[in-house]
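# What the coordinates show
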Amino acid sequence: MIQDIAPSRLDNSWQAKQPQPDSILMCFRDGRLSAAVTDGELQFPRLKDIGGQCETAVFLFSIDNEDFFLADTAGPNDYSYYSMRELRDQCTGKYLYAAFTAYHLHIWYADNRYCGICRGKMQQDSAERALICTECGHRIYPRINPAVIVGVISHGRILITRYRRGYAHNALVAGFTEIGETLEETVAREVMEETGLCVRNIRYYKSQPWGMAQDILMGFFCEADGDDLIRMDENELKSAVWCKPDMIELQPQQHSLTNEMMQLFRDTNGHLPPKIFTRMPDVLPDRTRIYFTRHGETDMNVENHVSGVTDCALTENGIMQAQQLAAVCAEQGDIELILCSPLKRARRTAEIVAAQIHVPIVTDERLREWNYGSYEGQPRGGSPEFQAAKREFGVRMKDGGESLLQLAHRVYSCIDDIRKQYAGMTVLCVCHGGVCRVAETYFKDMTTDAFSHFFMGNCELRRYEL
Ligand SMILES: [Zn+2]
């Protein structure tokens, strides 16, 4: 990136220095900088090149042992004036970073010649980087505009945009922070405004000073929340598309944080290493999310027999389903805790997921499957007697089984407790088909018909929000 100039170092601490003959002068005219560009190599005029005198020069910064000054004077004739965009396209290295940083300071000085309180003349303070009004003493400090760059991810793809105006190459969602807004709110708002997407799991990556627009850019990755259909703001953007890692076309230069983020996603094939991130607070911290899943396949599932509370193990296929579920959960990236039925088939499924996403498992009796009494182990299609009895299951299940009302009572009480105990968290409940069906009624308005036809496949994942 443009600021990565090590082993050189830019030191911007203020010093009341006077320019020496070899000091570099940054001479701006109409926003363009006096410079010479030869084969991408950037050079700036020095004080000795303009006759060794510049009364009004203001110290900007140093890079290693070279001092840079802002000079309110024309550059020498054998230098040309370049826009920041031209320099960005043609040059690289520490002098390009110097040009961007000098430009930022130049804009600040140029925009603040007069006092906003009394219209008096402003002048550079001798002790710090500040301007003081010569009339009323009003003091102002350099202005930096915070802005965010956002890599939005969905199903192994990243959202690549192109701006309608300005920079012509691929970019990510970006925008300025508004007054009174947190950075994470900026991320959520900009993504919503430009593409109509909700986001979650916002993670901070890196920042970058971007003097060309007087910005400090902060890079974030996050995931599309729910529906990932793009509704593009056509005033801001020319295009916005989901892009697989190998389809990403990078910018022609490696100056920008945006480019580094696109490259990182491409080079890791979409598997961003967790250790590069700092997790940000959720924009809506109160929202509790609960995933429900049914255990992997068992022999009794294959035979299509009623399992109920009969404790059976997963098949080979069931283990594979659990592994696939684990991969999906890892991609979701937000599950913090697993609640699990005590039955073996659920427990094993939960353990396979937990091993991949590294979260604790808590067993909850209330997630145990519906107790079918004497119908345990019977064929699911069932005898005529089973079919007839089924009509009564709502209110009674003979031989020590549970009625649907009893089942609903414990499942609802479990979800109520999750809401209280794990408020603001994302929890995965690993349980059973019957339990999942009841859970669905907790969150959704269902008809009797929809309820009786509800089916949850092995390791299918459903997500609810509170
Ligand atoms: Zn004033």
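Residues numbered from 1 in each chain as written. Predicted model: local features only at pLDDT ≥ 70, side-chain atom pairs only at ≥ 80, totals over all residues. Heavy atoms only, no water.

## Here's the deal with the pattern of salt bridges
Any two side chains of opposite charge can pair, so long as their charged atoms come close to each other. Note the threshold: For this analysis, a salt bridge means a side-chain nitrogen from Lys or Arg found within 4 Å of a carboxyl oxygen belonging to Asp or Glu. Helix numbers and strand numbers start at the N terminus; a helix is a DSSP run of H or I with at least 4 residues, a strand a run of E with at least 2. Buried means the residue's accessible area, taken with a 1.4 Å probe over protein chains only, is under 20% of the maximum for its type, while exposed means over 50%, and partly exposed covers the values in between.
Counted according to the given criterion, the structure contains 32 salt bridges. Put simply, Arg 200 and Asp 334 hold a salt bridge, and the shortest N to O gap is 2.8 Å. Of this pair, Arg 200 sits in strand S14 (residues 199–210) while Asp 334 sits in the loop between helix H6 (316–332) and strand S19 (337–340); the two residues are 134 residues apart in sequence, bridging distant segments of the chain. Per residue, the accessibility class of Arg 200 equals that of Asp 334, and both read buried. One network of salt bridges, in which partners are shared, links Arg 200, Asp 225, Arg 289, Asp 334, Arg 463 and Glu 465.

## Overview of the pairing of S19
Rules: Only strands joined by at least two bridges in the DSSP assignment are considered to pair. By definition, the crossover connecting two strands over a helix is right-handed if that path, from the first strand to the second, turns clockwise as seen with the strands pointing away from the viewer.
Side-chain alternation along S19 places Leu 337 and Leu 339 on one buried face and Ile 338 and Cys 340 on a second face that is also buried. Relative to strand S21 (residues 426–431), S19 runs parallel, the two being bridged by 4 bridges. Paired with Ile 338 across the strands is Leu 428, a residue of S21. Since S19 and strand S20 (residues 361–363) lie parallel, the crossover through helix H7 (residues 344–357) that links them has a hand, and here it is right-handed.

## Structural notes on the packing of helix H9 (residues 404–421) against helix H10 (residues 433–443)
Let me state the cut-off plainly: For helices, the fitted line uses only the C-alpha atoms of the stretch in contact; every axis is such a line through C-alpha atoms, and the angle between N-to-C directions lies from 0 to 180 degrees. Each crossing gets its handedness from the near helix: less than a right angle anticlockwise from the far helix is left-handed, clockwise is right-handed. When checking whether two residues touch, look at their non-hydrogen atoms; a contact exists if any pair is within 4.5 Å. Amino acids are sorted into nonpolar (Ala, Val, Leu, Ile, Met, Phe, Trp, Tyr, Cys and Pro), charged (Asp, Glu, Lys and Arg) and polar (every other residue, Gly among them).
Packing of H9 against H10 leaves a shortest axis separation of 9 Å and a crossing angle of 65 degrees. Between H9 and H10 lies a crossing of right-handed hand. In contact with Leu 404, Leu 407, Ala 408, Val 411, Tyr 412, Ile 415, Asp 416 and Arg 419 of H9, H10 contributes Gly 434, Val 435, Val 438, Ala 439, Thr 441, Tyr 442 and Phe 443. Taken together, the residues of the contact of H9 with H10 sort by class into 11 nonpolar, 2 polar and 2 charged.

## Section: the layout of surface pockets
Spelled out, the test is: Buriedness of a pocket was judged along seven lines, with at least five required to meet protein on both sides within 12 Å; pockets are open sets of points on a 1 Å grid over the protein atoms alone, cavities are sets where a 1.4 Å probe fits but cannot get out, and lining residues have an atom within 4 Å of a point. Grid points are joined across faces, edges and corners, and a volume is the space filled by probe spheres set on the points.
Here the largest pocket defines a volume of roughly 950 Å³. Along its surface, the largest pocket is lined by 34 residues, and Glu 223, Ala 330, Glu 331, Gln 332 and Gly 333 are the ones closest to its centre. When contributions to the lining of the largest pocket are tallied by element, the ones reaching two or more residues are strand S11 (145–154), S14, strand S15 (215–224), H6, H7 and strand S22 (461–465). With 5 residues, H6 is the largest single contributor of residues to the lining of the largest pocket. Counted by class, the lining of the largest pocket contains 13 nonpolar, 12 polar and 9 charged residues.

## What to know about the coordination of the zinc ion
Rule in force here: Any N, O or S atom lying within 2.8 Å of the metal counts as a donor, with the limit raised to 3.2 Å for Na, K and Ca; because water is left out of the atom set, some sites can appear incomplete. Sites are called tetrahedral only when four donors show all angles between 85 and 135 degrees, square planar or octahedral only when four or six donors show opposite pairs over 155 degrees and all other angles between 65 and 115, and irregular in any remaining case.
At this site the zinc ion is bound by Cys 115 (SG), Cys 118 (SG), Cys 133 (SG) and Cys 136 (SG), with donor distances of 2.3 to 2.4 Å. The site at the zinc ion holds 4 donor atoms, and with the angles between them running 96 to 116 degrees, its shape is tetrahedral. Expressed as a motif, the donor residue spacing for the zinc ion is C-x2-C-x14-C-x2-C.

## Overview of H9
Using the following cut-off: Here, expected helix span is obtained from the residue count minus one, scaled by 1.5 Å.
Taking 1.5 Å per residue, 18 residues should reach 26 Å; H9 reaches 25 Å between its end C-alpha atoms and fits that length. The set of residues buried in H9 consists of Leu 404, Leu 407, Ala 408, Arg 410, Val 411, Cys 414, Ile 415 and Ile 418. For H9, the secondary structure elements touched by its buried residues are strand S18 (289–294), S19, S21, H10 and helix H11 (448–453).

## Observations regarding the pairing of strand S5 (residues 58–63)
Counting buried positions over the 6 residues of S5 gives 6, a clear majority of the element. One ladder, built from 5 bridges, connects S5 with strand S6 (residues 66–71); its direction is antiparallel. Note on S6: the bridge partner recorded for Phe 61 is Phe 68.

## A word on H7
For H7, spanning 14 residues, the distance from its first C-alpha to its last is 20 Å, which sits close to the expected 20 Å at 1.5 Å a residue. Among the residues of H7, Arg 345, Ala 346, Thr 349, Ala 350, Ile 352, Val 353, Ala 354 and Ile 357 are the ones counted as buried. One or two residues past the end of H7 sits His 358, with phi positive at roughly 55 degrees.

## A few points about the sheet that holds strand S8 (residues 122–124)
Reading across the sheet, the 3 strands line up as S8-S9-S10 and stay open at both edges, with antiparallel pairing between neighbours. Because the sheet does not close on itself, it has two edges, and the strands there are S8 and strand S10 (139–140). Of the strand pairs in this sheet, strand S9 (residues 131–133) and S10 are connected by 2 bridges, and their pairing is antiparallel. By the bridge assignment, Ile 132 is partnered in S10 with Arg 139.

## Focus on the nonpolar core
Across soluble globular proteins, you tend to see nonpolar side chains buried next to one another. Put simply, the test is: Nine residue types can take part in a nonpolar core, namely buried Ala, Val, Leu, Ile, Met, Phe, Trp, Tyr and Cys, and a core is a set of them joined through side-chain atoms within 4.5 Å.
Of all hydrophobic cores here, the largest spans 69 residues; its most connected members are Met 26, Phe 44 and Phe 68. Of all the elements, helix H2 (residues 94–111) adds the most residues to this core, at 12 residues. Among all residues touching Met 26, those that are not within four sequence positions of it are Leu 33, Phe 44, Leu 60, Phe 68, Phe 69, Leu 70, Ala 71, Ala 98, Ala 99 and Ala 102.

## Observations regarding the sheet that holds S19
The strand order across the open sheet formed by 5 strands is S20-S19-S21-S18-S22, and the pairing between neighbours is mixed. Each edge of the open sheet carries a strand with a single partner, namely S20 and S22. Averaged over all neighbouring strand pairs, the angle between strand axes comes to 25 degrees, with direction disregarded. The sheet contacts of H7 involve S19, S20 and S21, and relative to S19 the element is tilted by about 170 degrees. Where H9 meets the sheet, it contacts S18, S19 and S21, and its direction lies at approximately 145 degrees from that of S18.

## What to know about the environment of Tyr 375
Relative to the helices and strands, Tyr 375 resides in the loop between S20 and helix H8 (384–390). A residue is classified by how much of its surface remains accessible, and Tyr 375, at 5% relative accessible area, is buried.

## Thoughts on the state of the cysteines
Chemically, a disulfide is nothing more than a covalent bond linking the sulfur atoms of two cysteines. This is how it is decided: Cysteine sulfur atoms that pair up within 2.5 Å are treated as a disulfide.
Scanning the entire structure with this criterion turns up 0 disulfides. The thiol of Cys 329 is not disulfide-bonded; the next cysteine sulfur, from Cys 459, is found 9.1 Å away. Overall, Cys 329 belongs to the buried group, its relative accessible area being 1%.

## Brief notes about the side chain of Asn 170
Selection criterion: As used in this structure description, the phrase polar contact means that two N or O atoms lie within 3.5 Å; if the pair is within protein, one of them must be able to donate a hydrogen and the other to accept it, and residues adjacent in sequence are counted only when both atoms belong to side chains.
Relative to the helices and strands, Asn 170 resides in the loop between strand S12 (157–163) and strand S13 (173–176). Its relative accessible area of 10% is what places Asn 170 among the buried residues. For Asn 170, the side chain forms a polar contact with the main-chain oxygen of Glu 249, separated by 2.9 Å. Once residues within four sequence positions are removed from consideration, Asn 170 is found in contact with Ile 160, Thr 161, Arg 162, Glu 249, Gln 251 and Met 262.

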